[in-house]
Amino acid sequence: MRISRRILAGLATASLAVTATSCGGGGTSGSFDDTVTVGILHSLSGTMAISESTLVDTEKMAIEEINAAGGVKVGGKSYKIEYIVEDGASDWPTFAEKSKKLIDQDGVPVVFGGWTSASRKAMLPVYESKDAFLYYPIQYEAQECSNNIFYTGATPNQQSEPATDFMYKRSPAAGGDFFLVGSDYVFPRTSNTITKAQVKQLGGKVVGEDYLPLGNTEVAPIISKIKKALPEGGIIINTLNGDQNVAFFKQIQDAGITPSSGYYVMNYSIAEEEISTIGPEFLEGHYGAWNYMMSIDTPASKKFAANFKKRWGADRVVADPQESAYNMVYLWKQAVEDAGTFDDNAVREALVGQKFDAPQGPVEVMPNHHLSQTVRIGEINAEGGFTILEETGVVLPQAWNQKHPSSKGFACDWTDPSKGEKYKL
Amino acid sequence: MELLLDSLFNGVAIGSVLLVAALGLAIVFGLMGVINLAHGELMMLGAYTTYVTQLIFKLPILKPFYNSYIIVSIFLAFIVSGVVGILLEKTIIRKLYGSPLETLLATWGVSLILQQFVRSVPLAYGTGLVISLLIGLFLPTTFPSKIKESINFKYFKFSSWIFAALTGVMTGGVISSSVSKLSRASARNVDVTAPSWMRGQVEIIGTAFPKTRLMIILITLISVIAITLFLNQSAWGMRIRAVTQNRQMSDCLGISTEKVDIITFGIGSGLAGVAGVAVSLLGSVGPNVGGNYIVGCFMVVVLGGVGNLLGTVLASFGIGIMTDLIGAGRLLSIWPDMPLPLSNTINFFATTSMARVMIFALIVIFLQFKPTGLFPQKGRMVEN
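About the cut-offs
- Residues numbered from 1 in each chain as written.
- Chains lettered and ligands numbered in written order.
- Predicted model: local features only at pLDDT ≥ 70, side-chain atom pairs only at ≥ 80, totals over all residues.
- Heavy atoms only, no water.
- Helix = DSSP H or I, 4+ residues; strand = E, 2+ residues; numbered from the N terminus.
- Rg over C-alpha atoms; globule rule 2.2 N^0.38 Å.
- Buried < 20%, exposed > 50% of the residue type's maximum accessible area, 1.4 Å probe, protein only.
- Contact = heavy atoms within 4.5 Å.
- Salt bridge = Lys/Arg side-chain N within 4 Å of Asp/Glu carboxyl O.
- Axes fitted to C-alpha atoms, helices over the stretch in contact; angles between N-to-C directions.
- Parallel < 35°, antiparallel > 145°, perpendicular 65-115°, else oblique.
- Left-handed = near helix turned anticlockwise from the far one by under 90°.
- Nonpolar A, V, L, I, M, F, W, Y, C, P; charged D, E, K, R; others polar.
- Pairing = 2+ DSSP bridges.
- Core = buried A, V, L, I, M, F, W, Y, C linked by side-chain atoms within 4.5 Å.

(A) Layout of the overall build of chain B. From N to C terminus, chain B includes 16 helices and two strands. Relative to the globule expectation of 21 Å for 384 residues, the C-alpha radius of gyration of chain B, 23 Å, shows essentially globular dimensions. In terms of overall dimensions, chain B has a C-alpha envelope of 80 × 55 × 35 Å along the principal axes. The burial tally for chain B puts 50% of its 384 residues in the buried class. Within chain B, contacts between residues at least 6 apart in sequence are counted, and of these 75% link residues at least 24 apart.

Have a look at this one:
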């Protein structure tokens, strides 16, 4: 009996979903004058699908919210937003190919998409050559500033720098030595170069650094290195990727590398979603740094989390990447309304200076196409969330990191034609 | 001394993960000569079995025995992967003996199917399906020989498959309605949490060792001993060795090579399942978990010498100890004041990524000099 009810419920949901999609693709409803179609491009299959599908869900929710509030108003006409979802398939050249399709064949004015830095690097030449516009929502290693990309995630100075500062000055392991662990690709390596420079400035010491090849879960050599380098405990900065975190935390706990024995791990890639996968019992007492945390106690944050749960299921959580994805849809809408047209170049100009009351607090688009954001440091608690310990004021984004040796003294400004992508301060 | 002990333990710990993963392959690839690219996915099934067992042991009836779920799951994983392996042998691999390229492609296809299967089928119904297969395959063999020889046996066989299918659907339904986590399909990685008695460390001669690692070493040790005894002492073991050495002659002497193939492949696959339990203790369980180990497994078997268990054992511990020695930069602490260029070189390779590069390079060099591995098979083989 119970089973059949379940099946019925499943069928009902499925048919609802079918109706919803057909509505999405169908004609305009009575209250709109016209429609505009935007592109959504994330991985819906392959390794990254688990993470990236949450962004698709969030972007759909933001679009539905905007439509419910009357759509986009341009030149006295109201436009309903429709979307085409394309699958990047966790394969970077596919991202470039689908971008071309969305721009040339579907003629969308804007594409919301990407997660990994590799996918962004693959898409960048497409958007630059076609002078189209990509909105990219993930915290990343920066050292890039394109006129054709709008970055709504954190730059290193909006995540790792305040976090390193906290660990060295105010954490229980303050003044301790650093050990850096990461997956072997561009983000951890760049982020750790910055951390090393910063630790040196602070007067601390980095005693070791190791990278795990993607897909490898054998962390025994790293554990013996940590024990050798930090015999009395210390600070571990972790930039491992999704799955590898599970192996890392399970095995360091078994090896006695825990907060109670003086080892504190600061994580840059573990949000609420990942905590529930790894298990809070392995993470309790360690730290994370993000712009948005689900436990932020403001009406905007609570409303965002509640709406998401209402739309996609009570067991779902929201995390920083989703918040960035949510913000970028709203910022695009505001910029279009201010520009009074869907034309890329006009929207790009109108975008700089846009302010939005985001779930994390107020954000503003800066001339370097990044967002000013608030940084929060949280301790992971037994319930699988963050207990927020610290909150900075609004931090301005640095597209070119001021601690990285190759970009020190450079900045980016797209509002001034004489400055552009990379100019000397 | 402490350093040596620590290094030896780490080497053995890394090596035993490799060994338990490669053991099944050493039998399937080593003894039967089947290149089974789905070996990693059979491991994955073992890991998922551990996860399902863990959740089922959280039900109120079984809650008091929760701490022993990991022991139960070792046997269940052996059975689950073994059954899937037998089905694989009966339906696909049997038809491809003697054509390695086709076997390779077919088993690769199977590995993709299995990966997608765990992504898109709720685990409860997956469990039900495995139970159906188990009953369907084994129920007919339990009938008395009178029925087996009767002309109507195919009807008995058919009806036992119907019974199997019904039982499978029912078990699937019961599990899915009582454990909500298993009732929905999800591509998300899941997590096996070791029972509390297996977490933390244990102190032996002044050095602390992680308990899960000791458990994996124990599982490996028991598997190796059991399989050695089976191959060398039991009647079926002798038949397997006979068929390996000379298939046609064994056939002439009345050994059912068909049965030998099924048993060998079933045991090899079952061991992959046991390996799945071991790796589920180290990291997370996901559709891709097996794929991460498959290259290492083939490397171990090739390095050890195809068809030789002792070679597989030595090769995996050798690779384990080398990984620790190079990856953790141990040489530097043994000989701290070595000349600068040498210490710089060692430092360069003392990261996990570079240690892997170094080890693969060393294996390639080694195979240049001994292409048949550490312990090559001696004597004439009919196949050659």
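(B) Seen up close, the pattern of salt bridges. Under the counting rule described, the total for this entry stands at 27 salt bridges over all chains. Taking the shortest distance from any N to any O, the salt bridge between Lys 250 of chain A and Asp 191 of chain B comes out at 3.2 Å. A residue pair is termed interchain when its members come from two chains, as with Lys 250 of chain A in helix α8 (residues 242-254) and Asp 191 of chain B in the loop between α7 (153-178) and β1 (201-204). Take Lys 250 of chain A: its relative accessible area is 4%, and that puts it in the buried class. One network of salt bridges, with partners in common, ties together Glu 86, Lys 98, Lys 101 and Asp 106 of chain A.

(C) Representation of the packing of helix α5 (residues 160-169) of chain A against helix α6 (residues 186-202) of chain A within the structure. Residue and element names in this part refer to chain A. Taken N-terminus to C-terminus, the directions of α5 and α6 make an angle of 40°; their axes are 10 Å apart at the nearest point. It follows that α5 is oblique to α6 by the angle criterion. The handedness of the crossing between α5 and α6 is right-handed. Taken together, the residues of α6 that come into contact with α5 (itself represented by Ser 160, Glu 161, Thr 164, Asp 165, Tyr 168 and Lys 169) are Ser 191, Ile 194, Thr 195, Gln 198, Val 199 and Leu 202. Class assignment of the residues belonging to the contact of α5 with α6 gives a composition of four nonpolar, five polar and three charged.

(D) Up close: the environment of Gly 107 of chain A. Residue and element names in this part refer to chain A. Residue position: Gly 107 is located in the loop between α3 (92-105) and β4 (111-113). Take Gly 107: its relative accessible area is 49%, and that puts it in the partly exposed class. In the structure, Gly 107 is positioned 157 residues away from Tyr 264 in sequence and 49 Å away in space, judged by C-alpha atoms.

(E) Main features of the sheet that holds strand β5 (residues 134-136) of chain A. Residues and elements named next belong to chain A. Overall, mixed pairing links the six strands, which are arranged β2-β3-β1-β4-β5-β6 in an open sheet. The open sheet is flanked by β2 (72-74) and β6 (149-151), the only strands paired with a single partner. Within the sheet, the average angular offset between the axes of one strand and its neighbour, ignoring direction, is 30°. Bridging between β2 and strand β3 (residues 77-87) involves three bridges; their strand directions are antiparallel. Looking at the pairing, Val 72 lines up with Tyr 79 of β3. Relative to the sheet, helix α12 (residues 320-339) contacts β1 (34-42), β2, β3, β4, β5 and β6, its axis offset from that of β2 by approximately 20°.

(F) Summary view of the nonpolar core. Residues Val 72, Tyr 135, Ile 226, Ile 236, Phe 248, Phe 249 and Trp 332 of chain A are the most contacted members of the largest nonpolar core, which totals 92 residues. No other element matches the nine residues that α12 of chain A contributes to this core. If we skip the residues at most four places from it in the chain, Phe 248 of chain A touches Val 181, Val 219, Ile 226, Ile 236, Asn 238 and Leu 240 of chain A. Core analysis: the second largest hydrophobic core is formed by 71 residues, Val 20, Met 198, Ile 219 and Leu 281 of chain B among them.

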